[in-house]
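# Observations on the model geometry
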Amino acid sequence: MNWFDRRHTIAPPGYNRWLVPPAALAVHLSIGQVYAFSVFKNPLLDRFGTSHTSIAIIFSIAIVMLGLSAAFGGKWMERNGPRKAMALSATFWASGFLVAGLGVQLEQLWIVYLGYGVLGGIGLGIGYISPVSTLIKWFPDRPGLATGLAIMGFGGGAMLASPLTAFLLGAYADTPADAIVPTMFTLAAVYAVLITTGAIVVRVPAPGWKPEGWVPTPKKNSMQTTANVRVSQAVKTPQFYLLWVVLFTNVTAGIGILEQASPMIRDFFPLVTAGTAAGFVGLLSLGNMSGRFVWSSTSDHLGRKRTYMMYLGVGAVLYSVLAASGNAAVGLFVAVTFIIVTFYGGGFATVPAYLKDLFGELEVGAIHGRLLTAWSAAGIAGPMIVNAFVDARSAEGVEGAALYLPSLITMVGVLLVGFVANLLIRPVDSRHHEPEPGVAAVTARAAAPVSVSVGAGSALREKADVVVLDETAEEIEEDRQAVSVGAGAGARNAAIALWIVVSTLLAYGVLQTAIKASALFG
């Protein structure tokens, strides 16, 4: 079991940092399946003969557990490293499908809640945060690019899972309702292998590592700190809660459209067919994925605060356009909603870099985990706002685009609240900063650039992420040797192979999405 330890994932000198992103993509492409859960919705309705709400609860439980497990597991992940976190994610995510499949077989809906909702949700949360801080450490010169690479796969996971799940549901039985169990078992196996491969490939840089030829430049603006703040202090700052509001409002606005995408375009334009609506959903998934990489990378140049001003300010304007003239033309409607969803995806990918700017990189993964509770709250609030207004207007006999007018106006207000919260964010007060490590600790780190395990009672370990001098010579030598274990040509070849696999999967998802989306222009 020592193979899972953080010290066994330390990269040797000269390791190419571009061999690490495929591990992140492998994990996020797998857990991104949650965005394609709607493919199971009608088969589950037929199998259980229950209400839409009863089935929708499965997804809601999963998103709530994602936020909770990320919040409570973030610090554990930072301490134990990404490999152990990825392995734990694979265990819970695959077990969620297996237990949910058992619940379907026994026709016990509560077991499906327990499986996909609770167990799968825990796998989602741990898997979501596992590669983020690792890539930030590998790309200190481009933290926005790093988080975009880490989180892009989550948006693309649905593009892969949707056609794969639909194919399996049609292949295993005459009716999709009878094919749910083998489909879930198959997905469990596929995702377990993919995430485990990512865990094998992932590496963390040695303490003090920097990209070759890169010299840290003076901070570009006052929002970028050179200090570090631990998660226990971060949650005591107003910046954390203002950023929570920023993420909550951005996600609430975006998820409100994603959840209602298919019926929404058909209500705005009655002549749109079901096939065309499916193409629209596919196009939005492409926007969700591309926004995570493009906007997050752009934030390295534009700055995180200005980028969120764009997400929230321009987003409010676009919602106003939808409310005022969204039904004027299909092209206008598609273009506006596509941009809104790219902001939704970009918000997820940019926030870890924003956290790094404000709190440093020491425990950015743990802080990110706590912040993701905003996602859990928004996952409930966004669909609730849209559906509540639609149901009320429908009961009054209102039809078409007018059904959505109150919810669109409400989203404008929600985004403006986030815009103001973002404007109020200032640099973190220095009293929350972690003290600089002492000279002896720095000397020890330079002499032994590897992660050294520390006793639970070490006061120094609680104060700074540094090497302490309480190990024996044999233990230090063992740590040095651990750097080379599994980090030779075999590991490099595995990383290259994984790049090929995840690139192929992404290309397949984009192709399938493009085929569906072509109906919009037919």
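Residues numbered from 1 in each chain as written. Predicted model: local features only at pLDDT ≥ 70, side-chain atom pairs only at ≥ 80, totals over all residues. Heavy atoms only, no water.

## Considering the overall build of the chain
Of the regular secondary structure elements, the chain holds 20 helices and zero strands. Scored against the burial criterion, the 522 residues of the chain give a buried share of 55%. Across the chain, the fraction of contacts at a sequence separation of at least 24, relative to all contacts at a separation of at least 6, is 84%. As displayed, the chain has an accessible area near 20,600 Å², and 65% of this comes from carbon and sulfur atoms. (Helix = DSSP H or I, 4+ residues; strand = E, 2+ residues; numbered from the N terminus. Buried < 20%, exposed > 50% of the residue type's maximum accessible area, 1.4 Å probe, protein only. Contact = heavy atoms within 4.5 Å. Areas by Shrake-Rupley, 256 points an atom, 1.4 Å probe, with all protein chains shown as cover.)

## What about the packing of aromatic side chains?
Under the defined criterion, the tally for this structure stands at 27 aromatic pairs. Considering the side-chain rings of Phe37 and Tyr116, the 5.0 Å spacing of their centres and the 40° angle between planes classify their relative orientation as tilted. Of this pair, Phe37 sits in the loop between helix 1 (21-31) and helix 2 (41-48) while Tyr116 is found in helix 5 (residues 109-129), placing the two residues 79 residues apart along the sequence. This pair shows no difference in class: Phe37 is buried, exactly as Tyr116 is. An aromatic cluster is present here, built from Tyr35, Tyr128, Phe154, Tyr344, Phe348 and Trp375 joined pairwise through their rings. (Phe/Tyr/Trp six-rings, centres within 6.5 Å; stacked < 30°, edge-to-face > 60°.)

## Quick word on the side chain of Ser30
By the element assignment, Ser30 lies in helix 1. Not counting residues within four places of it along the chain, the set of residues in contact with Ser30 comprises Trp93, Tyr191, Leu194 and Ile195.

## Focus: helix 15 (residues 373-395)
Over its 23 residues, helix 15 runs 33 Å from end to end, which matches the ideal 33 Å to within 8%, given 1.5 Å per residue. For helix 15, the full list of buried residues reads Ala374, Trp375, Ser376, Ala378, Gly379, Ala381, Gly382, Pro383, Ile385, Val386 and Val390. (Expected span 1.5 Å × (residues − 1).)

## Concerning the environment of Gly313
Secondary-structure assignment places Gly313 in helix 12 (residues 304-325). Overall, the relative accessible area of 19% leaves Gly313 in the buried class. Between the C-alpha atom of Gly313 and that of Phe419, which follows or precedes it by 106 residues, the distance is 6.3 Å. Beyond its immediate chain neighbours, meaning those up to four positions away, Gly313 contacts Tyr308 and Phe419.

## A short note on the side chain of Thr252
Secondary-structure assignment places Thr252 in helix 10 (residues 238-268). A relative accessible area of 1% places Thr252 in the buried class. Not counting the four nearest positions on each side in its chain, Thr252 is found in contact with Ala378, Ala381, Gly382, Ile385, Met411 and Val414.

## Here's the deal with the pattern of salt bridges
Using the criterion set out here, one finds 11 salt bridges in the structure. The partner of Glu363 in a salt bridge is Lys75, and the shortest N-O contact between them spans 3.8 Å. Taken together, the residues Glu363 in the loop between helix 13 (330-359) and helix 14 (364-371) and Lys75 in helix 3 (residues 52-80) connect sequence positions 288 residues apart. Close ionic contact of Asp357 with Arg304 constitutes a salt bridge, the shortest N to O distance being 2.9 Å. Of the two residues, Asp357 is situated in helix 13 and Arg304 in helix 12; the sequence distance between them amounts to 53 residues. We classify Asp357 as buried; its relative accessible area is 6%. Look at the salt bridges and you will find they share partners, linking Lys75, Arg230, Glu363 and Glu434 into a network. (Salt bridge = Lys/Arg side-chain N within 4 Å of Asp/Glu carboxyl O.)

## Thoughts on helix 1
Within helix 1, 11 of the 11 residues are buried, which leaves the element mostly enclosed by the surrounding structure. The set of residues buried in helix 1 consists of Pro21, Pro22, Ala23, Ala24, Leu25, Ala26, Val27, His28, Leu29, Ser30 and Ile31.

## Focus on the environment of Gly157
Within the secondary structure layout, Gly157 lies in helix 7 (residues 143-171). Judged by relative accessible area, Gly157 falls into the buried class, the value being 0%. When near neighbours in sequence (up to four residues on either side) are disregarded, Gly157 contacts Leu29, Gly32 and Gln33.

## Observations regarding the packing of helix 12 against helix 13
At a minimum axis separation of 9 Å, helix 12 and helix 13 run at an interaxial angle of 160°. By the criterion of interaxial angle, the relationship of helix 12 to helix 13 is roughly antiparallel. Our pair here, helix 12 against helix 13, has a crossing hand that is left-handed. Across the contact of helix 12 with helix 13, the residue classes break down as 17 nonpolar, seven polar and three charged. (Axes fitted to C-alpha atoms, helices over the stretch in contact; angles between N-to-C directions. Parallel < 35°, antiparallel > 145°, perpendicular 65-115°, else oblique. Left-handed = near helix turned anticlockwise from the far one by under 90°. Nonpolar A, V, L, I, M, F, W, Y, C, P; charged D, E, K, R; others polar.)

## Points about the environment of Ala388
Mapped onto the fold, Ala388 is located in helix 15. On a C-alpha basis, the gap between Ala388 and Ser407 in space is 8.6 Å, while along the polypeptide they are 19 residues apart.

## Comments concerning the packing of helix 1 against helix 4 (residues 82-106)
It is the contact of helix 1 with helix 4, at a shortest axis distance of 11 Å, that shows an interaxial angle of 20°. With respect to their mutual orientation, helix 1 and helix 4 come out roughly parallel. Here helix 1 and helix 4 pass one another in a crossing that is left-handed. Residue-level inspection shows Ala23, Val27, Ser30 and Ile31 of helix 1 in contact with helix 4, the latter providing Met86, Ser89 and Trp93. Its residues placed into classes, the contact of helix 1 with helix 4 shows five nonpolar, two polar and no charged.

## Describing unusual backbone geometry
Located in the positive-phi region is Glu107, a residue other than glycine, with phi close to 55°. Following the sequence through the fold, Glu107 ends up in the loop between helix 4 and helix 5. A relative accessible area of 49% places Glu107 in the partly exposed class.

## Side note on the confidence of the model for the chain
Should pLDDT be low for a region, the predicted coordinates there are not to be read in detail. The predicted model of the chain has a mean per-residue pLDDT of 84, with 88% of residues at 70 or higher. For residues 438-473, every residue scores under 50 in pLDDT, and the model assigns this stretch 53 contacts once sequence neighbours within four places are set aside. (pLDDT = per-residue confidence, 0-100.)

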